[in-house]
Amino acid sequence: MTAPDRLQAPLDNRVENRSTAPVVSRCDVVVVGGGPSGFSAAVAASRLGAKVTLIERYPYLGGLASGGMVLVLDDMTNGEEITCTGICMEMIERMARLDLCVYPPAAERRQDWQAWSKWARWGVFDFRSQMKPPPIVFAAAFDPDGWKRVSNDMVEEAGIELRLHSWFSRAIVADGRIAGVVCETKAGPQAVLGTVVIDATGDLDVAASAGAPFVHGSYIITTVFRLGGVDTEEAERFRFEEPERFHELDRQAKRVIGGAWDQWWLKTPLPGVVWCNCPHMAGFDGIKVEDLTRADFEGRKRIYALLDFARRNLPGFAGCYVVDVAPQLGIRQTRLLEGEYVVTKEDVMQRVHFPDTVARGRDYYTPYRAMLPRGVDGLIVAGRHYSATEQAQKISREIPPCMSMGQAAGVAAAIAIDRGIALRDVEPKLICAKVRAQGGDPGDRPSANARVLEAQMGVQVGVQA
Ligand SMILES: Cc1cc2nc3c(=O)[nH]c(=O)nc-3n(C[C@H](O)[C@H](O)[C@H](O)COP(=O)(O)OP(=O)(O)OC[C@H]3O[C@@H](n4cnc5c(N)ncnc54)[C@H](O)[C@@H]3O)c2cc1C
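Residues numbered from 1 in each chain as written. Predicted model: local features only at pLDDT ≥ 70, side-chain atom pairs only at ≥ 80, totals over all residues. Heavy atoms only, no water.

A. Representation of the sheet that holds strand β16 (residues 274-276) within the structure. Taken in spatial order, the four strands make up an open sheet running β15-β16-β14-β17, and their pairing is antiparallel. Looking along the sheet, the strands with just one partner apiece sit at the ends: β15 (266-267) and β17 (321-325). Pairing geometry for strand β14 (residues 225-228) and β16, over three bridges, is antiparallel. Note on β16: the bridge partner recorded for R226 is W275. (Pairing = 2+ DSSP bridges. Helix = DSSP H or I, 4+ residues; strand = E, 2+ residues; numbered from the N terminus.)

Okay, structure coming up:
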């Protein structure tokens, strides 16, 4: 064969790769993805006695919360009630004990200008409120390395087998049932087998590979970054004492970065270090290599343009510098499961309470069916790729509800293993009871403002076949 001939092959532009993967682990529950939902699922299942293997592509746990540097656990309240507890609250308390997590005490969770001026720049307010100023709520600002450190401790204490540096590549499926996963690693492909697999990849990698139906959603993406050397006192003084000049400069800063929420910089537990949840970049597909590469380049350009603007113009920012750009691109939405039930925007907005509710976010509820894929047994999903419409996911994808979903998925998996039954035959009420026993609030007791749905469920869940 001459060199040009070799370049032309293969003719259909595809290369077949029939690699054999050695089985490196056998367990009860395989969790793919060590972000907020997968970590919570692994801890919950392990604490119920299941043998758990947790797989993560990166060298740390936390997903978008640590590697994406999304540094606020958003609003966890429904009025006075704190709704996200369990593993999420344990994480908050453990990080706070290390001085790496900050949240407003009960007395300061109120709606007035004094509370606002103290807490707004921590990002701990009700961001959906139309009130001026928005109420300060129970939400928590944390440090990304604090998250990694505490999750390592919790995973070790729970006796979970953690496999970092392992990139899930395909599901092992036989007769409509998932039996494990194959990961790409430095040592070549490796198989991990389990009775139940939890997809917590955020992009539905496992369920999609296993053949479960899904839709392809999209939303803005962001290269989150941190600035150090910021005189936050001076920046806040300027904001409150010179509101007109502040608003003009703030508007210009947002134009330079190319789109941001109202508060484009927020305080962190590290003095003088702020995190910037911007720029907003549209038109990229969060699972396409070409788009991800372009977005990384585009994000950095905008960050350095803003740095230059901030140094020259913004009081408090004259000596600032980029501490780091998040190692993970901020992908909010890609594939979404089309599960046994698809949560709608109305369900979230109207606080619909389902007969099979097993998890909750601030004031809304998640049914067990929204975590169950159609057509594949032995598989459950948790996290931002759960079964919801694009619009519903945009308003129900924060870290705390993902942790609540993860905890419910881990508990469901452990029950299925313990009883030798299918996931769809696990009784939602039993999941709730065990989540409660772990200190979580699965949303089984609807709050006064919930719309309690008594209607028949589309599929029978919790009926032993
Ligand atoms: C820019 C931005 C700002 C946000 N702001 C906030 C905010 O202020 N407050 C808030 O509460 N929420 C916020 N969110 C939402 C929140 O961060 C996510 O919805 C949440 O982290 C989802 O958790 P998850 O566990 O489902 O997914 P992820 O956090 O995405 O975790 C998925 C994990 O799976 C791993 N993984 C993925 N694919 C593979 C694979 N093939 N093999 C092995 N491992 C894999 C990833 O590395 C990661 O660790 C924001 C999101 C973004 C992008």
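Still to come is the rest of the account.
B. Quick peek at the sheet that holds strand β3 (residues 72-73). Read across the sheet, three strands follow the order β3-β7-β6 without closing on themselves; strand pairing throughout is antiparallel. In the strand order of this sheet, the two ends are held by β3 and β6 (101-102), each with one partner.

C. Geometry of the pairing of β14. Of the two faces of β14, the one lined by F225 and L227 and the one lined by R226 and G228 are each fully buried. With four bridges joining them, β14 and β17 adopt antiparallel strand pairing. Looking at β17, one finds that F225 is bridged to V325. (Buried < 20%, exposed > 50% of the residue type's maximum accessible area, 1.4 Å probe, protein only.)

D. The site of the ligand, seen in detail. Within the structure, the ligand sits among 33 residues, and S37, E56, R57, V72 and R397 are positioned closest to it. Take A200: an N or O atom from its main chain is 3.5 Å from an oxygen atom of the ligand. Residue R397 places a main-chain N or O atom 2.4 Å away from an oxygen atom belonging to the ligand. Considering the ligand on its own, with 1,000 Å² of exposed area, one finds that the protein chains cover 97% of that surface. Counting residues per element, the ones that place at least two in the shell around the ligand are α2 (36-47), β9 (167-174), β18 (330-331) and α12 (399-419). Looking at the shell around the ligand element by element, the count peaks at three residues for α12. (Near = heavy atom within 4 Å. Polar contact = N/O pair within 3.5 Å; in protein donor to acceptor, adjacent residues only side chain to side chain. Areas by Shrake-Rupley, 256 points an atom, 1.4 Å probe, with all protein chains shown as cover.)

E. View of the packing of aromatic side chains. For the structure on display, the rule yields ten aromatic pairs. Arranged with centres 6.2 Å apart and planes meeting at 90°, the rings of Y58 and W167 form a pair that is edge-to-face. Note that Y58 is positioned in the loop between β2 (52-55) and β3 and W167 in strand β9, a separation of 109 residues in sequence. A relative accessible area of 22% places Y58 in the partly exposed class. Classification of W167 as partly exposed rests on a relative accessible area of 43%. Judged by centre distance (5.3 Å) and plane angle (65°), the ring pair of Y341 and F354 falls under edge-to-face. Of the two residues, Y341 is situated in the loop between β19 (335-337) and α10 (345-349) and F354 in the loop between β20 (352-353) and β21 (357-361); the sequence distance between them amounts to 13 residues. Judged by relative accessible area, which is 1%, F354 ranks as buried. (Phe/Tyr/Trp six-rings, centres within 6.5 Å; stacked < 30°, edge-to-face > 60°.)

F. Broad picture of unusual backbone geometry. Following K132, the chain continues to P133 via a peptide bond in cis, the omega torsion being -5°. By the element assignment, P133 lies in the loop between α4 (113-119) and β7 (140-142). The omega torsion of the bond from C278 to P279 falls at 5°, within 30 degrees of zero and hence cis. Inspection of the secondary structure assignment puts P279 in the loop between β16 and α9 (289-313). A positive phi angle, near 60°, is found at D99, a position not held by glycine. Along the chain, D99 falls in the loop between α3 (86-97) and β6. The phi angle at H165 is positive, at roughly 55°, despite the residue not being glycine. Secondary-structure assignment places H165 in the loop between β8 (161-163) and β9.

G. Inspection of the packing of α2 against α3 at higher detail. Two elements in contact, α2 and α3, have axes whose closest approach is 10 Å; the angle formed by their N-to-C orientations is 105°. One finds that α2 runs roughly perpendicular with respect to α3. Contacts between α2 and α3 involve F39, S40, V43, A44 and R47 on the former and, on the latter, I87, E90 and M91. The residue makeup of the contact of α2 with α3, split by class, is five nonpolar, one polar and two charged. (Axes fitted to C-alpha atoms, helices over the stretch in contact; angles between N-to-C directions. Parallel < 35°, antiparallel > 145°, perpendicular 65-115°, else oblique. Contact = heavy atoms within 4.5 Å. Nonpolar A, V, L, I, M, F, W, Y, C, P; charged D, E, K, R; others polar.)

H. Layout of the pattern of salt bridges. Scanning the model with the defined rule gives 36 salt bridges in all. Across the salt bridge formed by D145 and K148, the nearest N and O atoms sit 4.0 Å from each other. Here K148 and D145 lie together in helix α5 (residues 144-158), a separation of three residues that amounts to about one turn. Overall, D145 belongs to the partly exposed group, its relative accessible area being 47%. For K148, a relative accessible area of 19% corresponds to the buried category. Where E398 meets R362, a salt bridge forms, and the shortest distance between an N and an O atom there is 2.7 Å. Pair noted here: E398 is in the loop between α11 (390-394) and α12 and R362 is in the loop between β21 and β22 (364-367), with a separation of 36 residues, a long-range link. (Salt bridge = Lys/Arg side-chain N within 4 Å of Asp/Glu carboxyl O.)

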